[in-house]
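Here's the letter readout for the chains.
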Amino acid sequence: MSLRFLVSNDDGYDAPGIEALVAVLRKFGTTTVVAPLAEQSGCGHRVTTHQPLTLKQIGDDWYSLDCTPADCVRVAISHLKLEVDFVVAGINAGGNLGCDVFMSGTVAAAREAALLGVPSIAVSQYRRTREPVDWERAQRWITPAIQKCLEEPRQLGVYWNLNLPDPAITPDAGNGTAYVPPIIRCPLDTNPLAFRYERQDDHLVYRGTYQERGRTPEYDVAVCFDGSISMTRLQLSLHA
């Protein structure tokens, strides 16, 4: 059965990661993109209620919206009235692991879909350095992981978070082979990020040390940092 996908991200409607993701999803069905006009990284689940939004059609089934990823999902489903089987957000150019999911605009798009009763997936490419992403390799790696998510039983309020490892720490080590890392289902690591603030004149400047964050064995941060694809089930309900 051909599935209908709504695609968004937090890197912007013209980011190479969203183009790579659309190419993968078209193997499974049809796609419509509604994504931010400009980068919204780290915006979390912010939504826009205090100003008008500008929706522009960029191409066939491809729209930009001057707002956040969560807004994009809201507008696509409530205003454009898209009939959607899955919302998929990404591919983010950077990891969204552990406590990142509470700050990530990419993951917020998937969470907003879950709030609206639509199954969803967030997809990110972890990078240890600022080296350019090999998007063709990311497509090859993410395809079987998305397939696994699509095969999972659909449960209200459940969404998935996928993170690809940095190619430099996988066995193929960037040599262009057909290697695909193992896909490991794992829980969310809630260790806090390692960060500090430095004073510069009258200001404080954030300094994050992403690679030094705490990691619990067999949880998503350790799985991805060790070279596998992390597949984490998230849900809206919190149990006391």
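The structure this text deals with has already been given above.
Source: prediction; values computed, not measured.

Asker: Describe the nonpolar core, listing the residues and the values that go with them.
Answerer: Membership of the largest hydrophobic core comes to 34 residues, with the highest contact counts inside it found for Phe-5, Ile-121, Ile-142, Ile-146 and Leu-162. Elements that contribute at least two residues to this core include exactly strand S1 (3-8), helix H1 (16-25), strand S2 (29-36), strand S5 (86-93), strand S6 (120-125), helix H4 (135-151), strand S7 (158-164) and strand S11 (229-235). Top contributing element to this core by residue count: H4, with eight residues. Not counting chain neighbours up to four residues away, the residues in contact with Ile-142 comprise Val-24, Ile-91, Val-123, Leu-162 and Leu-164. Listed in part, the 15 residues of the second largest apolar core include Leu-65, Cys-67, Val-84 and Ala-109.

Asker: Account for the layout of surface pockets, naming residues and giving values.
Answerer: Of the pockets and cavities examined, the largest pocket occupies roughly 710 Å³. Along the walls of the largest pocket sit 25 residues, with Ala-93, Gly-94, Gly-95, Arg-130 and Tyr-210 positioned nearest its centre. Contributions of two or more residues to the lining of the largest pocket are made by S5 and strand S10 (203-208). Tallied by class, residues from the lining of the largest pocket come to seven nonpolar, eleven polar and seven charged.

Asker: Lay out empty space enclosed by the protein in plain terms, naming residues and giving numbers.
Answerer: Per the stated rule, a full pass over the model turns up one cavity of 30 Å³ or more. Along the walls of the largest cavity sit Phe-86, Pro-119, Ser-120, Cys-149, Glu-152, Pro-153, Arg-154, Gln-155, Val-158 and Trp-160, which together make up its complete lining. Broken down by class, the residue content of the lining of the largest cavity amounts to six nonpolar, two polar and two charged.

Asker: With reference to specific residues and values, describe helix H2 (residues 69-79).
Answerer: For H2, the set of buried residues is Pro-69, Ala-70, Asp-71, Cys-72, Val-73, Val-75 and Ala-76. At its buried positions, H2 is contacted by S1, S2, strand S3 (55-59), strand S4 (62-65), S5 and helix H3 (105-115).

Asker: So what's going on with the pairing of S7? Residues and values would help.
Answerer: In terms of residue burial, S7 counts as a mostly covered element, since seven of its seven residues are buried. Side chains Val-158, Trp-160, Leu-162 and Leu-164 project from S7 onto one buried face, and the interleaved Tyr-159, Asn-161 and Asn-163 project onto a second face that is buried too. Regarding the hand of the β-α-β motif, the stretch spanning S6, H4 and S7 is left-handed. The pairing of S7 with S11 spans six bridges and is antiparallel.

How each quantity is defined
Residues numbered from 1 in each chain as written. Predicted model: local features only at pLDDT ≥ 70, side-chain atom pairs only at ≥ 80, totals over all residues. Heavy atoms only, no water. Core = buried A, V, L, I, M, F, W, Y, C linked by side-chain atoms within 4.5 Å. Buried < 20%, exposed > 50% of the residue type's maximum accessible area, 1.4 Å probe, protein only. Helix = DSSP H or I, 4+ residues; strand = E, 2+ residues; numbered from the N terminus. Contact = heavy atoms within 4.5 Å. 1 Å grid on protein atoms, 1.4 Å probe; cavity = no way out; pocket = protein on both sides within 12 Å on 5 of 7 lines; lining within 4 Å. Points joined across faces, edges and corners; volume = space filled by probe spheres on them. Nonpolar A, V, L, I, M, F, W, Y, C, P; charged D, E, K, R; others polar. Right-handed = clockwise from strand over helix to strand, strands pointing away. Pairing = 2+ DSSP bridges.

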